[in-house]
Amino acid sequence: MALISPDPSTDHAPVDFRAPPPSPVASGRRSSVTNEDVLSNFLQHSLPVPNLTLPDKVFPRQKSIQNPPRIDFRNLDDAVQEILGSISGSGCFQLVNHEIRGEVVRSVLTAGAGVFGLSPEEKAAVVRSPEKVYGFEEFRGEDEREMGEEFVWCRDEGLELEMEGVWPTGYSNFSNKMERLLLEIEKIAGKIFQVLKEHTMRNPICENGTTEGQEIANSICYLYKHCPNINGDESANSLKYDVIRMLVRGSDYSHALCLHLCDGSSEFHVYSKKGWVSFCPDKDAIVITIGDQIQAWSGGKYKHVIGRPIFKGEAEEDSCISMAFLCSPQNVTNSLKTNKGKKPISLGLQALVAILFTLLYHFWVYFT
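Draft legend 1. Inspection of helix 6 (residues 157-166) at higher detail. For helix 6, the set of buried residues is Leu 159, Met 163 and Val 166. The arc enclosing the buried residues of helix 6, seen along the axis, measures out at 60 degrees, which places them on a common side. Structural note: helix 6 exposes Glu 157, Leu 161 and Gly 165 on the side pointing more than 90 degrees away from its buried face. One side-chain oxygen at the N-terminal end of helix 6 lies 2.7 Å from the backbone nitrogen of Gly 158; it belongs to Asp 156.

Draft legend 2. View of the packing of aromatic side chains. Counted according to the given criterion, the structure contains 6 aromatic pairs. Ring centres of Tyr 171 and Phe 174 lie 6.1 Å apart, and the angle between their planes is 55 degrees; this geometry places the pair in the tilted category. Taken together, the residues Tyr 171 and Phe 174, both in helix 7 (residues 171-200) and 3 residues apart, mark about one turn of the helix. Among the aromatic residues, ring-to-ring pairing joins Trp 167, Tyr 171 and Phe 174 into one connected group. Across from the ring centre of Phe 73, 5.0 Å away, lies the NZ or CZ of Lys 191, which sits over that ring. The aromatic ring of Tyr 224 is capped on one face by Arg 308, whose charged end is 3.7 Å from the ring centroid.

Draft legend 3. Molecular detail of the sheet that holds strand 7 (residues 257-261). Here we have 8 strands laid out as an open sheet, ordered 2-3-10-7-12-6-5-4, and mixed in their pairing. The sheet is open, and its two borders are formed by strand 2 (70-72) and strand 4 (135-136), each paired with just one other strand. The sheet contact formed by strand 7 and strand 10 (residues 286-290) spans 5 bridges and is antiparallel. Note that in strand 10 the partner of Leu 261 across the bridge is Ile 286. Together, strand 4, strand 5 (148-154), strand 6 (220-226), strand 7 and strand 12 (321-327) form the strand contacts of helix 3 (residues 102-116), whose direction differs from that of strand 12 by roughly 105 degrees. Seen against the sheet, helix 6 touches strand 4 and strand 5 and runs at an angle of roughly 125 degrees to strand 5.

Definitions and cut-offs
- Residues numbered from 1 in each chain as written.
- Predicted model: local features only at pLDDT ≥ 70, side-chain atom pairs only at ≥ 80, totals over all residues.
- Heavy atoms only, no water.
- Buried < 20%, exposed > 50% of the residue type's maximum accessible area, 1.4 Å probe, protein only.
- Helix = DSSP H or I, 4+ residues; strand = E, 2+ residues; numbered from the N terminus.
- Arc of directions from axis to C-beta.
- Polar contact = N/O pair within 3.5 Å; in protein donor to acceptor, adjacent residues only side chain to side chain.
- Phe/Tyr/Trp six-rings, centres within 6.5 Å; stacked < 30°, edge-to-face > 60°.
- Lys NZ or Arg CZ within 6 Å of the ring centre and 35° of its normal.
- Pairing = 2+ DSSP bridges.
- Contact = heavy atoms within 4.5 Å.
- Axes fitted to C-alpha atoms, helices over the stretch in contact; angles between N-to-C directions.

Quick look at the structure:
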């Protein structure tokens, strides 16, 4: 078979793939440089974030008031109207002649300084959590810690075990002194509660059908270590931080009364929805503020307030420690524990269930 050679005349010429020339820009259009200038000018005037300030409705201006009345603990029954007038105005009053010796309080504060002397690693081992009310408040940095520290003490075996692990040489002595002081505090709180009960409660009934008694139990104590040389702005920011934390987390521990031992403080600040006031507490006086339980029992007549002492000027760090005892009647505390077991369905869980039902509906429509 003869081979046929290809005809050179039948070869195809290579295809020209040259790109078409760019389209001319219309003479009426503005140049890209001009458009960029217009865009930059627009962004410059529209992007700056405005200065936002919280309204006074949330953080009202601080107001100085006259010192709340000095209520003599020995004549408590005769001072009911004076107490009610004070707590309806500022939410607090001062208690004198309470029979708690100053050396007892100072002994507890000296021992309490050892709590705050633990290392950051040791404190991290006893940090508070939603599961336990006791321990150190968690801090995100040293700047926040310099504003002050907080430790919550209570009668709890878990706290004792954890603190004995990080502070075996001193915690037992500190805890025993706290226990003796707390017994005296609870006697005072019980008597005050008994006097206020008949004037502030709207027939609070226990589960057994009886009215509340004055026995106080399951109290806790907040120990605060304050910065000794904190200035006015920092102290205001510290109180605002406490308020924000309360609004976000809610009340950490429901209580009827809070008894503040803050000898040596230069001011005492009280925050409530009515406003923010401050005064100079008397020496050796116990400042008593109203808790959420009395607000509920009084039908909202007496409001729950937040109290915090402020230490200013030159002072040793060990002397800038205050204590706040949160006290409640025993029957109320037990009923609160029972109610805590009945947790409502959270909004997040409700949203998740709604999304799942929506997906199931779409699958059902698609396959049917």
